[in-house]
Amino acid sequence: MTDFFKDCPRIAYEGPDSPNDFAFRHYNPDEMVGDKSLKDHLRFAVAYWHSFAWPGGDPFGGQTFERPWFTDDMAGARMKADVAFEMFEILGAPYFCFHDADVRPEGATFAESEDRLKEITDIFASKMEATGVKLLWGTANLFSHRRFMSGAATNPDPEIYAYAAATVKSCMDATLALGGENYVLWGGREGYETLLNTDLKRERAQAGAFLQRAVEYKHKIGFKGAILIEPKPQEPTKHQYDYDVATVYGFLKEYGLEDEVQVNIEQGHAILAGHSFEHEIALASALGIFGSIDMNRNDYQSGWDTDQFPDNPREVALAYYEILRAGGFTTGGTNFDAKLRRQSLDPADLILAHAGAMDVCARGLKAAAAMLDDGGLEAARQARYAGWDASDIASRDFESIHAQVSGSGLQPEPKSGRQERLENYISRFV
Ligand code: 3MF
Ligand code: MG
């Protein structure tokens, strides 16, 4: 037991009127919504990197957080694991997610880094056993170290591709060993800064080969979880190859992977791509590649990836509406890929940020379930397309349609899309 969270009690559900900061007002994990508890609907995960590894820097200044485990040695990594699991328990968070680089200091060689990862994986395994906390997904950090500055799979140097492939193998092994339910590939620096030095066609082919090899390896070791790509349009590189859900789908089709790989959709990345979160979720589910979400918003004015905790129940409700409409999560869940503001120094800030976010998500999910149950949006949508139910027009050729239209004096009348009425409908539930 560390004393890091000594002033933070375990968070329990106390109902919407509780004045206690350290309480859930809307997230009652055991509350049934339809045939599942809120805990099983939402499948919350804490992101190890932002909560325990990020020092609080921004482009104008470095570390603001002083954490006793920021020592860059294995003693620090072990203390970090202790604190992380203490936080999971305070929150009652059922899952966590991590990159290799979040949990162990970099070794002098690949082999040393991997040994260190194995040591921490063993520690995680016993803590998971003791607490019941599970791994939503594992992943490899293929973007922070300088070796990856020009990309990992898409690097102009095949030795970097090799280093990245070996790293993904070791992280998939760790994810399998911990019973992880997904494995995520975010294309950290898979993109380019300038076409002047870039062979775009070759780099895309490298990324395709890399993903095919990752899928092969997953099957070889019997990993039953989903492989998820996380789209993002830019930042860190100017042009990221995994721009958005539609782009990723085209890429998966090109490499024959559309039945093998799904997407982890982040709200902030959707915003950066000029989409709403619910658009990206709805598109992924329409294409059959919806997997999981990173539930963290961006600042709407700055245009940066600010990774903030969700605070808007209406926005969240529209996202969960699309998820519930698609049948809910299977292997996926709600990962808070969110960080504190750099002035939020207190250990309690970490707890309260997550507790508040869990409450916002619970409100959103309950509103979404109530809307789906009420059926108002689905009825309006069905009515809008009702003409198609009895129409064979899309299977007919243009000449026969032309003959019919020109001969019949057809004068179609436009009908209202009723957007404001539907927006008012949403307000009844949120
Ligand atoms: C960057 C992200 C990433 C991914 C993570 C998964 C560092 O904008 O969202 O967080 O979620 O790397 O591999
Ligand atoms: Mg993310």
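The shown structure was predicted, so the numbers you read here are calculated from the model rather than taken from an experiment.

(A) Layout of the pairing of strand β8 (residues 182–186). Most of β8 is tucked away: 4 of the 5 residues are buried. Where strand β7 (residues 134–139) and β8 come together, 3 bridges link them in parallel fashion. The residue bridging G138 from the neighbouring strand is Y183, located in β8. Since β7 and β8 lie parallel, the crossover through helix α6 (residues 158–177) that links them has a hand, and here it is right-handed.

(B) Fine view of unusual backbone geometry. For the bond running from E235 to P236, omega is 10°, close enough to zero to count as cis. Within the secondary structure layout, P236 lies in the loop between β10 (226–230) and β11 (239–240). One non-glycine residue, D307, adopts positive backbone phi at about 45°. Assignment of secondary structure puts D307 in the loop between β13 (290–294) and α11 (313–325). The phi torsion at R418 lies on the positive side, around 55°, for a residue other than glycine. One can find R418 in the loop between α15 (398–408) and α16 (419–429). On the basis of relative accessibility, which here comes to 46%, the residue R418 falls in the partly exposed class.

(C) Main features of the site of ligand 1. The environment of ligand 1 is formed by 14 residues, the closest being H99, E230, E266, H269 and D337. In this structure, W49 approaches ligand 1 through a side-chain N or O atom, which is 3.5 Å from an oxygen atom. Between ligand 1 and the protein, one listed contact pairs an oxygen atom with a side-chain N or O atom of D294 at 3.0 Å. Its free accessible area being 340 Å², ligand 1 has 94% of it covered by the protein chains.

(D) Expanded view of the UniProt feature "binding site: Mg(2+) 1" (unreviewed entry) in the protein chain. Taking the UniProt record as the reference, the feature "binding site: Mg(2+) 1" (unreviewed entry) is found at E230, E266, D294 and D337. Maximum C-alpha separation among the annotated residues is 11.8 Å over a sequence range of 108 residues, consistent with a single clustered spot. Lining the largest cavity, from the set of annotated residues above, are E266. Positionally, D294 belongs in strand β13. Excluding residues that lie within four positions of it along the chain, D294 makes contacts with W137, E230, N264, I265, E266, Q267, F277, N335 and D337. The residue D337 is located in the loop between β14 (334–336) and α12 (347–374) in this model. Take D337: its relative accessible area is 8%, and that puts it in the buried class. D337 has contacts with A47, W49, H50, E230, E266, D294, N296 and D307, leaving out every residue within four places of it along the chain.

(E) Quick peek at the layout of surface pockets. Considering only enclosed or pocket space, the second largest pocket measures out at about 990 Å³ in volume. Together, 28 residues line the second largest pocket, and A380, R381, R384, G417 and L422 are the ones closest to its centre. Counting residues per element, the ones that place at least two in the lining of the second largest pocket are α10 (277–287), α11, α13 (376–384), α14 (386–389) and α16. The element contributing the most residues to the lining of the second largest pocket is α13, with 6 residues. Here the residues of the lining of the second largest pocket are counted per class, giving 14 nonpolar, 5 polar and 9 charged.

(F) Highlighting the environment of A383. Locating A383 in the fold gives a position in helix α13. Note: C-alpha distance between A383 and K6 (377 residues apart in sequence) is 57 Å.

(G) Representation of the nonpolar core. By size, the foremost hydrophobic cluster in this structure holds 105 residues, and its most contacted members are Y48, F96, F124 and Y320. Ranked by residue count, the leading element in this core is α12, at 14 residues. Sequence-distant contacts of F96, that is, excluding residues within four places in its chain, are made with A45, V46, Y48, F85, F88, F124, M128, V133, K134, L135, L136 and W137. Counting residues in hydrophobic clusters, the runner-up holds 10 residues, among them A45, C97, L136 and V184.

(H) Region of interest: the sheet that holds β8. Taken in spatial order, the 8 strands of this closed barrel run β5-β6-β7-β8-β10-β12-β13-β14, and their pairing is parallel. Adjacent strand axes in the sheet meet at a mean angle of 30°, parallel and antiparallel pairs treated alike. As judged from the 4 bridges shared by strand β12 (residues 261–266) and β13, these two strands associate in the parallel manner. Bridge pairing in β13 links N264 to S292. Contacts from helix α5 (residues 110–131) reach β6 (95–99) and β7, with the element oriented near 180° to β6.

(I) The coordination of the magnesium ion (ligand 2), seen in detail. Note on the magnesium ion (ligand 2): its protein donors are E230 (OE), E266 (OE), D294 (OD) and D337 (OD). The metal-donor distances range over 2.0 to 2.1 Å. Around the magnesium ion (ligand 2), the 6 donor atoms sit at angles spanning 80 to 170°, and that spread fits a shape best called octahedral. Summarised as a motif, the one-chain spacing of the donors to the magnesium ion (ligand 2) is E-x35-E-x27-D-x42-D. Of this pair, E230 sits in strand β10 while E266 sits in strand β12, and the two are 36 residues apart along the sequence. Of the two residues examined, E230 and E266, each falls in the buried class.

(J) Representation of the UniProt feature "active site" (unreviewed entry) in the protein chain in the model. Cross-referencing UniProt, the feature "active site" (unreviewed entry) maps to H99 and D102 in the present numbering. Along the chain, the position of H99 falls in strand β6. For H99, the residues in contact, after removing those within four places along its chain, are W49, T139, A140, N141 and F143. Mapped onto the secondary structure, D102 falls in helix α4 (residues 100–103). Taking the relative accessible area as the measure of exposure, D102 reaches 5% and is therefore buried. Those residues in contact with D102 that lie beyond four places of it in its chain are Y48, W49, A53 and K80.

What counts and how
- Residues numbered from 1 in each chain as written.
- Chains lettered and ligands numbered in written order.
- Predicted model: local features only at pLDDT ≥ 70, side-chain atom pairs only at ≥ 80, totals over all residues.
- Heavy atoms only, no water.
- Buried < 20%, exposed > 50% of the residue type's maximum accessible area, 1.4 Å probe, protein only.
- Helix = DSSP H or I, 4+ residues; strand = E, 2+ residues; numbered from the N terminus.
- Pairing = 2+ DSSP bridges.
- Right-handed = clockwise from strand over helix to strand, strands pointing away.
- Near = heavy atom within 4 Å.
- Polar contact = N/O pair within 3.5 Å; in protein donor to acceptor, adjacent residues only side chain to side chain.
- Areas by Shrake-Rupley, 256 points an atom, 1.4 Å probe, with all protein chains shown as cover.
- UniProt positions renumbered as here; feature names shortened; annotations may be inferred.
- 1 Å grid on protein atoms, 1.4 Å probe; cavity = no way out; pocket = protein on both sides within 12 Å on 5 of 7 lines; lining within 4 Å.
- Contact = heavy atoms within 4.5 Å.
- Points joined across faces, edges and corners; volume = space filled by probe spheres on them.
- Nonpolar A, V, L, I, M, F, W, Y, C, P; charged D, E, K, R; others polar.
- Core = buried A, V, L, I, M, F, W, Y, C linked by side-chain atoms within 4.5 Å.
- Axes fitted to C-alpha atoms, helices over the stretch in contact; angles between N-to-C directions.
- Donors = N, O, S within 2.8 Å, 3.2 Å for Na, K, Ca; no water.
- Tetrahedral: all angles 85-135°; square planar, octahedral: opposite > 155°, others 65-115°.

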